[in-house]
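Letter by letter, the chains look like this.
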Amino acid sequence: MDTKSLARVACITGANHGIGLALTHRLLEEQWQVIAIIRSSFATDDIQIQQAIQDQRLRIYVADVSDFEQLRTALTQIQAREIHIDILYNNAGGSYPELSFSPQGRELHFDTQTVAPYIILKELEKLLQQGNLRTVINTSSAVFATRLTFDPDQLEHPTTFKPLIGAYATAKLALSLWTSERASEFEHLKGMKLLSVDPGGNNTLRSGKKSGIPFFIQILTRLFFPAPTHGASLLYDAALGENRSLLVAGDYIVKGKTTRLKFKQSASIISERVHRIYEQEYKR
Ligand SMILES: CC(=O)CC(=O)SCCNC(=O)CCNC(=O)[C@H](O)C(C)(C)COP(=O)(O)OP(=O)(O)OC[C@H]1O[C@@H](n2cnc3c(N)ncnc32)[C@H](O)[C@@H]1OP(=O)(O)O
């Protein structure tokens, strides 16, 4: 029996830590297969994960998604080896501690969390069209809710840097903006449903890792934030929960509910810019 063609398959970026790992565990428990795009390894003492790797229910493709050459290698392998994808979870990301740049020379949060998800979507859209659910969940954030201003021209080469509420927040905002802008095209032309979802505050802190979370939020996180299973269940529900049919393509979901997206007037500029980077740099 061809188990790959019958299985329900999710592709999860950043599947080996934090929210992505919790989501991977849940889907494997529910007999899904998972295509993991990761830049570092899964824990060797995680028995469920190691068993799933051995059974090929969890298939690993290695790439730092901020590096387009690594991304190209992984996506080409996925296109060659996989048969279909039901749900794409564009989840890889994080809050970096200082201003840094991707191998392409743009601000790192922007290439990782705004541009890479679009490239992954475009490159995997044929596999998604072979699947049953044709759903794309982009991991966003509500951390930009308090922003009063947003200048799209600062995304690629910002002149200032603030952890979490600066480039991290604007990259997530830009992700939600292109998701909302492109959703109807993907729905009508390709039968696909694109959503961006805030997984809420989660305790993803790890000792020994330099954190891009401001100190007082680290304290709040340790004291009050739930385990990453919380964020994973919000991402899960957007695609598979009982209220999923109430969500409309392009919606931005916070705490499970459709929420007004700020700065919508910039959505077309962001969307065009991300598409141009894909066409001119990635496809070249
Ligand atoms: C005031 C407030 O507003 C308070 C808050 O609520 S703050 C929290 C706001 N919540 C959100 O923004 C929701 C979404 N994000 C999160 O929850 C995140 O936990 C966070 C952004 C807050 C913190 O992220 P983080 O601690 O830097 O990252 P973490 O959760 O450890 O994930 C890193 C993993 O993502 C993946 N990843 C990250 N970058 C990647 C890349 N370039 N390529 C591939 N995988 C990548 C990897 O699995 C990575 O693990 P490794 O470093 O071992 O490879």
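Calculation rules
- Residues numbered from 1 in each chain as written.
- Predicted model: local features only at pLDDT ≥ 70, side-chain atom pairs only at ≥ 80, totals over all residues.
- Heavy atoms only, no water.
- Patch = residues over 30% accessible without salt bridge, like charges linked within 9 Å, V, L, I, M, F, W, Y side chains within 5 Å.
- Areas by Shrake-Rupley, 256 points an atom, 1.4 Å probe, with all protein chains shown as cover.
- Salt bridge = Lys/Arg side-chain N within 4 Å of Asp/Glu carboxyl O.
- Helix = DSSP H or I, 4+ residues; strand = E, 2+ residues; numbered from the N terminus.
- Near = heavy atom within 4 Å.
- Polar contact = N/O pair within 3.5 Å; in protein donor to acceptor, adjacent residues only side chain to side chain.
- Nonpolar A, V, L, I, M, F, W, Y, C, P; charged D, E, K, R; others polar.
- Pairing = 2+ DSSP bridges.
- Contact = heavy atoms within 4.5 Å.
- Axes fitted to C-alpha atoms, helices over the stretch in contact; angles between N-to-C directions.
- Buried < 20%, exposed > 50% of the residue type's maximum accessible area, 1.4 Å probe, protein only.
- Right-handed = clockwise from strand over helix to strand, strands pointing away.
- Parallel < 35°, antiparallel > 145°, perpendicular 65-115°, else oblique.
- Left-handed = near helix turned anticlockwise from the far one by under 90°.

**Student:** Hey, could you run me through a nonpolar patch on the surface in this one?
**Tutor:** On the surface, a nonpolar cluster with roughly 780 Å² of combined accessible area is contributed by Phe215, Phe216, Ile219, Leu220, Leu223, Phe224 and Phe225. With respect to the helices and strands, Phe225 occurs in the loop between helix H7 (215–224) and helix H8 (229–240).

**Student:** Can you help me understand the site of the ligand in this one?
**Tutor:** Taken together, 31 residues sit near the ligand, with Asn16, His17, Arg39, Tyr168 and Thr204 positioned nearest. Contact distances for the ligand include 2.7 Å between an oxygen atom and a side-chain N or O atom of Ser40. Between an oxygen atom of the ligand and a side-chain N or O atom of Arg206, the distance comes to 3.0 Å. Computed on the free molecule, the ligand has an accessible area of 1,100 Å², of which 85% lies beneath the protein chains in the complex. Residues that form the shell around the ligand fall into these classes: 12 nonpolar, 14 polar and five charged.

**Student:** Honestly, the sheet that holds strand E1 (residues 9–13) in this entry has me stumped. Any pointers?
**Tutor:** Strand pairing in a sheet is mediated by backbone hydrogen bonds. Such pairs are either parallel or antiparallel. Strand order in the open sheet formed by eight strands is E3-E2-E1-E4-E5-E6-E7-E8, with mixed pairing between adjacent strands. Edge strands, defined here as strands with exactly one partner in the open sheet, are strand E3 (58–62) and strand E8 (257–258). Pairing geometry for E1 and strand E4 (residues 87–90), over three bridges, is parallel. Bridge pairing in E4 places Ile12 opposite Tyr89. Sheet strands touched by helix H5 (residues 108–130): E1, E4, strand E5 (135–139) and strand E6 (193–198). Its angle to E4, the strand with the most contacts, is close to 170°. Strands in contact with helix H6 (residues 167–190) are E5, E6 and strand E7 (252–254); relative to E6, the strand with the most contacts, it is inclined by about 160°.

**Student:** I keep staring at the pairing of E6 and nothing clicks. Help me out?
**Tutor:** Along any regular strand the residues' side chains alternate between the sheet's two faces. Counting buried positions along E6 gives six out of six residues, so the element sits mostly inside the fold. Neither face of E6 is left uncovered, since the one carrying Lys193, Leu195 and Val197 and the one carrying Leu194, Ser196 and Asp198 both have all their residues buried. Relative to E6, E5 runs parallel, the two being bridged by five bridges. When the sheet's bridge partners are listed, Thr139 is paired in E6 with Val197. Handedness of the β-α-β unit built from E5, H6 and E6 comes out right-handed. Across three bridges, E6 lies against E7 in parallel orientation.

**Student:** Before we go on, may I ask you to explain unusual backbone geometry in this structure?
**Tutor:** A negative phi holds for most residues other than glycine; trans holds for most peptide bonds. The residue Gln56 is not glycine, and still its phi comes out positive at about 60°. Relative accessible area serves as the criterion here: at 53%, Gln56 is assigned to the exposed category. Backbone geometry at Leu164 places phi at a positive 65°, although glycine is not the residue there. Mapped onto the elements, Leu164 comes out in the loop between E5 and H6. The class for Leu164 is buried, based on a relative accessible area of 10%.

**Student:** Which parts of the structure should I look at to understand the packing of H5 against H6?
**Tutor:** A packed helix pair is summarised by two numbers, namely the angle formed by the two axes and the spacing between the axes. Packing of H5 against H6 leaves a shortest axis separation of 8 Å and a crossing angle of 20°. By the angle class used here, H5 and H6 are roughly parallel. Judged by the sense of rotation from one axis to the other, the crossing of H5 with H6 is right-handed. Contact residues: His109, Phe110, Gln113, Thr114, Pro117, Tyr118, Leu121, Lys122, Glu125 and Gln129 in H5; Ala167, Tyr168, Ala171, Lys172, Ala174, Leu175, Trp178, Arg182, Phe186, Leu189 and Lys190 in H6.

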